[in-house]
Amino acid sequence: MKRVLNFIGGELRPPSAGGYLPDVDPATGEEIARVADSDASDVDAAVAAASRAFPAWRKTAAEERSRLLMRLADLVEENFDELALLESQDSGKPVALARRLDVPRAIRNFRFFATAILHAETRCHPMDGEALNYTLRQPVGVAGLISPWNLPLYLLTWKIAPAVAAGNCCVAKPSELTPLTADRLAELVREAEIPPGVVNVVHGRGAAAGRALTSHPGVPLISFTGGTKTGADVMAAAGPLFKKVSLELGGKNPNIVFADADLEAAVATSISSSFANQGEICLCGSRIFVERTIYDEFLDRFVEKTKNLRVGDPRDPATEVGALISEAHLRKVAGYLDLAKEEGGRILCGGRRPPELPGRLAGGAFLEPAVVVGLECSGRVMQEEIFGPVVTVTPFDSPDEAVAYANGSRYGLSASVWTRDLAKAHRVAAAIDCGTVWVNTWLLRDLRVPFGGMKESGVGREGGFDSLDFFTEAKNVCIKL
Ligand code: TXE
């Protein structure tokens, strides 16, 4: 059985206490690898390696850092098929999605930040002949990067690329549920000849390895993506040490469809925004609000398309919905469907284990996508993040009511608005309390734009120069003339 080791100072190393965790393929329930169950001493070793590498790396010219990261991007591209397969096996997502979304985005992340640092500028504030101020942007030191299981390589590289491009060294802690692409990436980091210690990867549980990183005094910066509850724990550990913290947390995103929308496009994209990656994307639109005059027509078309989604073997290129991340997560998601019934809702389709899966998938964490109606917006099903293939559909009567529903949530990550009325689109977009509003689209990402959440969806913005700002300290130099 494959053992996933830590990557520290350019070498693969077993965890110091010798323990391993099972890594399970959620489509079959079978163990596919054993992953290092690291503890504080492994994190100490990784932070020490990163700290040793930092003085030379921060002095390495931007052009050289760029060249090395471009080389890494090329290596990810050369290993495209293998990485897509590993991601699918580890997370249950369709391999077709890993090929369309996860691996291409990992490549883009490296190329984007490798070139961004060649174009970075800083500011100058002249003081009327008396003095000149200019801003230096300098790397912070050792960056702690904690990433989740839903988009493992995509989100890990979204952190490693800007951190390292900006001149930091890093210790990454991928999710213990999906370590395989991080492990392969570590090998590619070595092959790219990125100096030892610049990128370190420590595997293990959040409560052990993750916590050791967030509370480590040698790590002045934490970038975290994961659940809101965990985010609070990260903040509590990092706060007393005054770390720079960026948190990308959960969402309960509204998807508002006005009567004047292009209905066909709204239905088709709402299928993706509800069920892509089994609904396990923080940006999924899990609460659909439809203007009452088109509610029935939208619902008919939406339910029909939902029923037609191909749920099954993640390795089959035709599969649209794969397995959830684990049996435990499946039970949590299914629990919300029971709760929906208790709260007076009706499940129009889905919510069962698909009956006709081939034998090897019998133990898999599969769930047919579910559409729920008839719920109150204030109930738990419409308030809590389910993070699975479950969507609610609710009618509304006016733009004000739609905005009130959208904002009636602890979360504020993203929203979609469907309308052909441009003025209405602008008004509604401005009124929704969230970090990203898509109009007549979903998940269209320009890597230059600020990305992050309001309220319990997070703290801070990453993306483009916001990422480079986060991963550097601004220093003002004032020169008396
Ligand atoms: O994620 P966790 P979980 C949401 C989603 C899901 C819920 C819980 O609703 O059902 O969160 O998922 C590490 N200190 N999202 O429990 O625990 C952990 O090892 C430091 C939304 O699987 O937040 C992993 O590497 N680190 C989401 C990472 O944090 C800790 C994506 C995320 O795991 C830690 C995933 C600790 N105390 C889940 N505890 C999104 N926003 O995309 C855990 N970790």
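Provided above is the structure to which this section pertains.
Residues take numbers from 1 onward in each chain, read along the sequence in its written order. Confidence filtering applies because this is a predicted model: local features only for residues at pLDDT of at least 70, side-chain atom pairs given and counted only at 80 or more, and all residues used for totals across whole chains, interfaces and linings. No hydrogens and no water enter the side-chain calculation; it runs on all heavy atoms of the structure.

1. Examining the sheet that holds strand β19 (residues 414-418)
Should DSSP find at least two bridges between two strands, the strands are regarded as paired. Counting from the N terminus, the helices are the DSSP runs of H or I reaching at least four residues and the strands are the DSSP runs of E reaching at least two. Spatially, β15-β16-β17-β14-β13-β19-β20 is the arrangement adopted by the seven strands of the open sheet, whose pairing is mixed. Only two strands of the sheet have a single partner each, and these edge strands are β15 (346-349) and β20 (436-439). With strand direction ignored, the average angle separating the axes of adjacent strands in the sheet is 25 degrees. Across four bridges, the pairing between strand β16 (residues 370-373) and strand β17 (residues 390-396) is parallel. In the strand pairing of β17, V372 is matched with T392. Here, two residues are considered to be in contact whenever any of their heavy atoms come within 4.5 Å of each other. Under this scheme, a helix contributes an axis fitted over its contacting stretch, all axes are lines through C-alpha atoms, and angles between N-to-C directions fall in the 0 to 180 degree range. Sheet strands in contact with helix α9 (residues 263-275) are β13 (254-257), β14 (287-291), β16, β17 and β19, and its direction is about 165 degrees off that of β19. Most of the contacts of helix α10 (residues 292-307) go to β14, to which it runs at about 135 degrees, and overall it touches β13, β14, β15, β16 and β17.

2. Description of the side chain of E248
Its place among the elements puts E248 in strand β12 (residues 244-248). Think of it in three bands: with a 1.4 Å probe and only protein chains considered, a residue is buried below 20% of the maximum accessible area for its type, exposed above 50%, and partly exposed in between. Residues scored as positive are Lys and Arg, those scored as negative are Asp and Glu, and His as well as the terminal groups of each chain are ignored. Every case where a carboxyl oxygen of Asp or Glu lies within 4 Å of a side-chain nitrogen of Lys or Arg is listed as a salt bridge. It turns out E248 is buried and unbridged, and the closest side chain with the opposite charge, K159, is 6.0 Å from it.

3. Regarding the state of the cysteines
Cysteine sulfur atoms are paired as a disulfide whenever they come within 2.5 Å of each other. Counted by the stated rule, this structure contains zero disulfides. Of the cysteine sulfurs around C282, a residue in no disulfide, the closest is that of C284, at 8.3 Å.

4. Some points on the pattern of salt bridges
A side chain of one charge can pair with a side chain of the opposite charge if their charged atoms are brought near each other. In the structure shown here, the tally under the stated rule is 22 salt bridges. Measuring nitrogen to oxygen at the nearest pair gives 3.5 Å for the salt bridge that ties R137 to D469. Pair noted here: R137 is in strand β7 (residues 131-139) and D469 is in helix α15 (residues 464-470), with a separation of 332 residues, a long-range link. Through salt bridges with shared partners, a single network forms among D74, E77 and R111.

5. Comments concerning the packing of aromatic side chains
Aromatic contacts are taken between Phe, Tyr and Trp rings whose centres are within 6.5 Å, Trp giving its six-membered ring; a plane angle under 30 degrees counts as stacked, one over 60 as edge-to-face, and the others as tilted. Applying the stated criterion across every chain, the model contains eight aromatic pairs. Geometrically, the ring pair formed by F113 and W158 is tilted, given 5.8 Å between the ring centres and 55 degrees between the ring planes. In this pair, F113 is assigned in helix α4 (residues 95-116) and W158 in helix α5 (residues 152-165), connecting sequence segments 45 residues apart. For F113, a relative accessible area of 0% translates into the label buried. The rings of F112, F113 and W158 are connected pair by pair, giving a single aromatic cluster.

6. Side note on the site of the ligand
In the vicinity of the ligand, 26 residues are found, and the nearest of them are W149, K173, E176, K332 and E385. In this structure, an oxygen atom belonging to the ligand sits 2.8 Å away from a side-chain N or O atom of T230. Within the backbone of L249, one N or O atom sits 2.8 Å away from a nitrogen atom of the ligand. Under the convention used here, a 1.4 Å probe and the Shrake-Rupley method define accessible areas, while residue burial counts only the protein chains that appear. Here the ligand loses 85% of its free accessible area of 810 Å² to cover by the protein chains. Taken atom by atom, the bulk of the ligand overlaps the largest pocket. Secondary-structure elements contributing two or more residues to the shell around the ligand are α7 (206-214), β11 (221-225), α8 (228-238) and α11 (327-342). Broken down by element, the residue count for the shell around the ligand peaks at three residues, all from α7. Gly is placed with the polar residues, together with every amino acid not listed as nonpolar (Ala, Val, Leu, Ile, Met, Phe, Trp, Tyr, Cys and Pro) or charged (Asp, Glu, Lys and Arg). For the shell around the ligand, the per-class residue count stands at eight nonpolar, 11 polar and seven charged. What makes a residue near a molecule or strand is one non-hydrogen atom of that residue sitting within 4 Å of it. Polar contact criterion, stated in full: a pair of N or O atoms within 3.5 Å, where within protein one must be able to donate a hydrogen and the other to accept it, and residues adjacent in sequence count only if both atoms are side-chain atoms. Grid points spaced at 1 Å and placed over the protein atoms alone form the basis of the search, with a cavity being a set where a 1.4 Å probe fits but cannot get out and a pocket an open set showing protein on both sides within 12 Å along at least five of seven lines. Lining residues have an atom within 4 Å of a point. The way we define it, a molecule is inside a pocket or cavity when more than half of its atoms are within 2 Å of that pocket's grid points.

7. Section: the pairing of β14
With five of five residues buried, β14 lies mostly within the body of the structure. Burial along β14 is two-sided: R287, F289 and E291 facing one way and I288 and V290 facing the other are all buried. In terms of strand pairing, β13 meets β14 through four bridges, oriented parallel. Each residue of the ladder has a partner; that of N255, found in β14, is I288. Orient the strands so they point away from the viewer; a crossover is then right-handed if the path from the first strand over the helix to the second runs clockwise. Chirality of the crossover, the property in question, places the unit of β13, α9 and β14 among those that are right-handed.

8. Examining a nonpolar patch on the surface
Residues L132, Y134, L136, I479 and L481 make up a contiguous nonpolar surface patch of about 400 Å² in total accessible area. Ranked by residue count, the leading element in the nonpolar patch is β7, at three residues. With relative accessibility at 30%, the residue L136 sits in the partly exposed group. Residues form patches when they are more than 30% accessible in relative terms and have no salt bridge. Like charges link within 9 Å. Nonpolar side chains (Val, Leu, Ile, Met, Phe, Trp, Tyr) link within 5 Å.

9. So, the environment of P22
Structurally, P22 is set in strand β4 (residues 20-25). By relative accessible area, which is 46% here, P22 ends up partly exposed. For the pair P22 and V35, spaced 13 residues apart in sequence, the C-alpha separation works out to 6.3 Å.

10. Observations regarding the layout of surface pockets
Grid points are joined across faces, edges and corners, and a volume is the space filled by probe spheres set on the points. By volume, the largest pocket amounts to about 990 Å³. W149, G226, G227, T228 and T230 are the residues nearest the centre of the largest pocket, which is lined by 38 residues in total. Secondary structure elements with two or more residues in the lining of the largest pocket: α7, β11, α8 and α11. Looking at the lining of the largest pocket residue by residue, the class counts come to 14 nonpolar, 14 polar and 10 charged. Considering only enclosed or pocket space, the second largest pocket measures out at about 550 Å³ in volume. What lines the second largest pocket is a set of 18 residues, and nearest its centre among them are A120, E121, T122, R137 and T472. Among the elements of the structure, α2 (62-78), β7 and α15 are those that each provide at least two residues to the lining of the second largest pocket.

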